[in-house]
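A closer look at the structure
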Amino acid sequence: MKRPITYPDRLAQWKHSLGFATKPLTQDWALVGTTHVALTLALNPGATDTAIFAYLDNYNPVSGVANYITEGCIRAVHRASTNNNNNNKTTHVGAFDTIERSYLMRDMLALEDWTTVEFSLEPVAYLVPKGNVLRFSLAGADTDNYYLENIKGLAQSWRIDASRSELLKLNIVMSS
Amino acid sequence: MVSVDVRGTGASYGPRPIDLVAREVQDYVEVAEWVHEQSWCNGKVGSGGISYDGITAALAAAASKRLVQAIVLLFAPGDLFEDLCFPGGIVNTGLLFDGTMHVDNEEAQLVEAVAQHDNLNMLASAKKVQAKDSIVKANNGQWYSMASLGITRETFDCLIQNDVAVYSLAGYYDSGSFRSSARLHNYTFYTF
């Protein structure tokens, strides 16, 4: 690895992303396993692909400190999935392998019109304390860590249909 | 304990046209055979290490017909494409690098060994990859796809056939290794 990957200032990154936040939690939330995201989106005219980056952060409104929890990403042309391709497998909220992808050329599919793209955030076990805010943010690039210039028809903008999207499917273990 | 630099790295001889190529895996088998021939070997051989070294342990045990009976995978990627180099299908420049492995050995034959090194520029090659089965041209003139390199479900089929004991360790915030650890567990799950 060329350098350690750190996220020293999530607040600065929030300025460059589309964010959604909970109200201050009324009890502790323990996030366990993999969080799933399903976005129904349309790209700007002429675009056929996009990279979607999503982040979960833990924000303390009293101290003003935001800590990174986890992230996930997907290149839209690779969205095709073969869920439940094993008869013995039972998927559940939080399972890491609910979305299985081949990433093969034959399964690449240009994104045209309104389309739902599902993806997972990296699995984690994390306690968001009572009083803190869980923040979810979306971005179209992570120039520090990912290269997008090989993507043909890369979108410059998206529209998201909130009524047909499931921003977060979390596995939360409540504690008092 | 035997510590080995894979071909094309450190003080080892030979070219390394691309990571984990079949000839390199054959090297692991030859090392395991050599270890078994030594007077100090009691016949029980294990292998393991962090990340790449965990992959080499798994591939050695899968390929060596019970010469390696136990492996320790410490933060080892289980799918080079999805868990490491192209999460979500996107080129991970935070991980890939364009140089060659560092050489930290001062042995007399080092210069001669390094002269044979001819390693792939991983970053430049990765930027041309569109899918898991995209092929990249290695320095030996042959074409390889990411899907054929590293640990696969077939590797685990071999580990099970060879009755290899596997100890896998991973941590949160090393996402490639954590997701891989679950994946490795599932490889076993699917097989039975």
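An account of the accompanying structure is given in this report. The structure presented is a predicted model; accordingly, all values stated were derived computationally and were not measured. (Residues numbered from 1 in each chain as written. Chains lettered and ligands numbered in written order. Predicted model: local features only at pLDDT ≥ 70, side-chain atom pairs only at ≥ 80, totals over all residues. Heavy atoms only, no water.)

Considerations on the overall build of chain B
Operational definition: Helix and strand assignments come from DSSP, with helices taken as H or I runs of at least 4 residues and strands as E runs of at least 2, each series counted from the N terminus. Summary of the burial criterion: residues with accessible area below 20% of their type's maximum are buried, those above 50% are exposed, and those between are partly exposed, where the area comes from a 1.4 Å probe applied to protein chains only. Only heavy atoms matter for contacts: two residues are in contact if any of them lie within 4.5 Å across the pair. Only the protein chains shown count as cover for residues, with accessible areas throughout obtained via the Shrake-Rupley method and a probe of 1.4 Å.
For chain B, the count of helices and strands is seven helices and six strands. The helix and strand sequence of chain B, counted from the amino end, reads α-β-α-β-α-β-α-α-β-β-α-β-α. Within chain B, the proportion of its 192 residues that are buried is 50%. Pairs at least 24 residues apart make up 67% of the contacts formed inside chain B by residues separated by at least 6 positions. A total accessible area of about 9500 Å² is found for chain B, and carbon and sulfur atoms account for 53% of it.

Re the environment of Leu110(B)
Tracing the sequence through the fold places Leu110(B) in helix 4 (residues 110–114). For Leu110(B) and Ala11(B), which are 99 residues apart along the polypeptide, the C-alpha to C-alpha distance reads 5.3 Å.

A short note on the interface of chain B and chain A
Put simply, the test is: Only one rule defines a salt bridge in this text: a Lys or Arg side-chain nitrogen within 4 Å of an Asp or Glu carboxyl oxygen. Under this definition, polar contacts are N or O atom pairs within 3.5 Å; protein pairs additionally need one hydrogen-donor-capable and one acceptor-capable atom, and for neighbouring residues in sequence, both atoms have to be side-chain atoms. As a working rule, the residues Ala, Val, Leu, Ile, Met, Phe, Trp, Tyr, Cys and Pro are called nonpolar, Asp, Glu, Lys and Arg charged, and the rest polar, with Gly in that last group.
Listed per partner, the contact involves 30 residues of chain B and 36 residues of chain A. Our enumeration of links across chain B and chain A arrives at zero salt bridges. Taken together, the connections running from chain B to chain A amount to twelve residue pairs in polar contact (both at pLDDT 80 or more). At the level of secondary structure, the elements contributing two or more residues to the side of chain B that touches chain A comprise helix 3 (80–85), strand 3 (91–92) and helix 7 (175–191) of chain B. When residues of the side of chain B that touches chain A are assigned to their parent elements, the largest contribution, eight residues, is made by helix 7 of chain B. Across the side of chain B that touches chain A, the residue classes break down as 15 nonpolar, nine polar and six charged.

Focus on the pairing of strand 1 (residues 46–50) of chain B
Residues in a regular strand project their side chains so that they alternate between the two faces of the sheet. Short version of the rule: Between any two strands, at least two bridges found by DSSP are needed for them to pair.
Strand direction decides the pairing type here: strand 1 of chain B and strand 2 (residues 70–74) of chain B, joined by five bridges, are parallel. Its bridge partner lying in strand 2 of chain B, Gly46(B) is registered against Ala70(B).

Describing the pattern of salt bridges
Per the counting criterion, the structure on display carries eleven salt bridges over all chains. A salt bridge links Asp161(A) to Arg164(A); the shortest N-O distance between them is 2.9 Å. Among the residues examined, Asp161(A) registers a relative accessible area of 18% and is labelled buried. Between Asp19(B) and Arg16(B) there is a salt bridge, with the nearest N and O atoms lying 3.3 Å from each other.

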